[in-house]
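Given next are the chains, with one letter for each unit.
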Amino acid sequence: MNEQTKVYLNGEFLPRREARISVMDRGFLFGDGVYEVIPCYSGKLFRLEHHLSRLDDSLAGIRMASPHDHAEWRSILEELVAQQPCSEQSIYLQVTRGSTGERDHAIPRGIQPTVFAMAMPFEEPDPQLAEEGVSAVTLDDIRWRLCNIKAITLLANVLVKQEARDQGAIEAILIRDGIAHEGAASNLFMVENGVITTPPKSRFLLPGITRDLVLELAQREKLPCREEAVSEQRLQQMDELWLTSSTKEVIPVTHLNDRPIGNGRPGPMFRQMAALYADYKARIKAGTRY
Ligand code: PDD
């Protein structure tokens, strides 16, 4: 992606280097906004309706009216996709509350939101991650209590992610009151005695679009699954751990806090889910119905 790449800003498509927002934008001053990351495979926006519904929920969660309905969002994003040189992309969409020219914590009336979208080349997850697995660490969940809102205010996520990286791990699994909720930028799945388990939706985790797809694929395949809170202690005893996100898709965690999960290799249920996911994605790319 270079400075000539077209981005969308408040009704216009323009080269990224020409896109400007006010320094008084509340997104810049307060982190007052929400976002989505939407994969785009072979030019097709993946699970767009799900992402747009979550965007509506995030906007409602911060007391903002959506500036567009789903048809308008679709046409903006499809136009953005069409303007890019490659067909495999990851769309970043951000809506902030905008600017009144004043810095006041309280929400001003009659303010116009700032709508920004850009396309980044989608980097397929490295196949070695699925082959070898990754390491994660558990860390204290230092975030706020509205993690179901996909807020742009990500400083706590940035700090825990860096702490994980400093410890040689790819992701931090966040623990609040002894319970594992999700990763710094991913949802959490576990396998115990052949049952796929994921923490239930709550204010302590983002309702991931990939999470819902993995559950849907498991249910279609009649794989046993449940939504259940899991303690940090139980996490280490699991047969398998997986992380899911739009950019990572599904990856196996084979070491947690430097100790192996199961036999320290990606497990059989992971391989089954990875194959189901790849098949689903291939059908979407090919335009065949599932
Ligand atoms: N993050 N939980 C958190 C805290 C996340 O930031 C993400 C995704 C997820 C997974 O959600 P989804 O399956 O809808 O991508 C869970 C995105 C990719 C990001 O911030 O870049």
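Residues numbered from 1 in each chain as written. Predicted model: local features only at pLDDT ≥ 70, side-chain atom pairs only at ≥ 80, totals over all residues. Heavy atoms only, no water.

A. Structural context of the packing of aromatic side chains. Using the criterion set out here, one finds 7 aromatic pairs in the structure. Look at Y41 and F46: their rings are 4.9 Å apart centre to centre, the planes differ by 65°, and that puts the pair in the edge-to-face class. Judged by its relative accessible area of 0%, Y41 falls in the buried class. We classify F46 as buried; its relative accessible area is 4%. Put simply, the rings of Y41, F46, F122, Y277 and Y280 touch in pairs and so form one group of aromatic residues. The ring of Y41 has K281 lying over it, and the distance from NZ or CZ to the ring centre is 4.4 Å. (Phe/Tyr/Trp six-rings, centres within 6.5 Å; stacked < 30°, edge-to-face > 60°. Buried < 20%, exposed > 50% of the residue type's maximum accessible area, 1.4 Å probe, protein only. Lys NZ or Arg CZ within 6 Å of the ring centre and 35° of its normal.)

B. Seen up close, the site of the ligand. Lining the immediate surroundings of the ligand are 19 residues, of which Y35, R54, E182, T210 and S246 lie closest. With respect to the ligand, the side chain of Y35 contributes an N or O atom lying 2.6 Å from an oxygen atom. At a separation of 3.3 Å, a nitrogen atom of the ligand approaches a polar side-chain atom of K150. Relative to its unbound accessible surface of 480 Å², the ligand loses 89% to contact with the protein. Going through the elements one at a time, β3 (33-41), β9 (179-183), α6 (209-220) and β14 (240-245) are the ones with two or more residues in the shell around the ligand. (Near = heavy atom within 4 Å. Polar contact = N/O pair within 3.5 Å; in protein donor to acceptor, adjacent residues only side chain to side chain. Areas by Shrake-Rupley, 256 points an atom, 1.4 Å probe, with all protein chains shown as cover. Helix = DSSP H or I, 4+ residues; strand = E, 2+ residues; numbered from the N terminus.)

C. Quick peek at the nonpolar core. Counting 24 residues, the largest nonpolar core has L45, L55, W73, L77, I91, L93 and V95 as its most contacted members. Secondary structure elements with two or more residues in this core: β3, α2 (48-61), α3 (70-82), β5 (89-96) and β6 (114-121). Once residues within four sequence positions are removed from consideration, L55 is found in contact with V34, E36, W73, L93 and V95. Grouped together as the second largest cluster of nonpolar side chains are 20 residues, F189, L223, V250 and Y277 included. (Core = buried A, V, L, I, M, F, W, Y, C linked by side-chain atoms within 4.5 Å. Contact = heavy atoms within 4.5 Å.)

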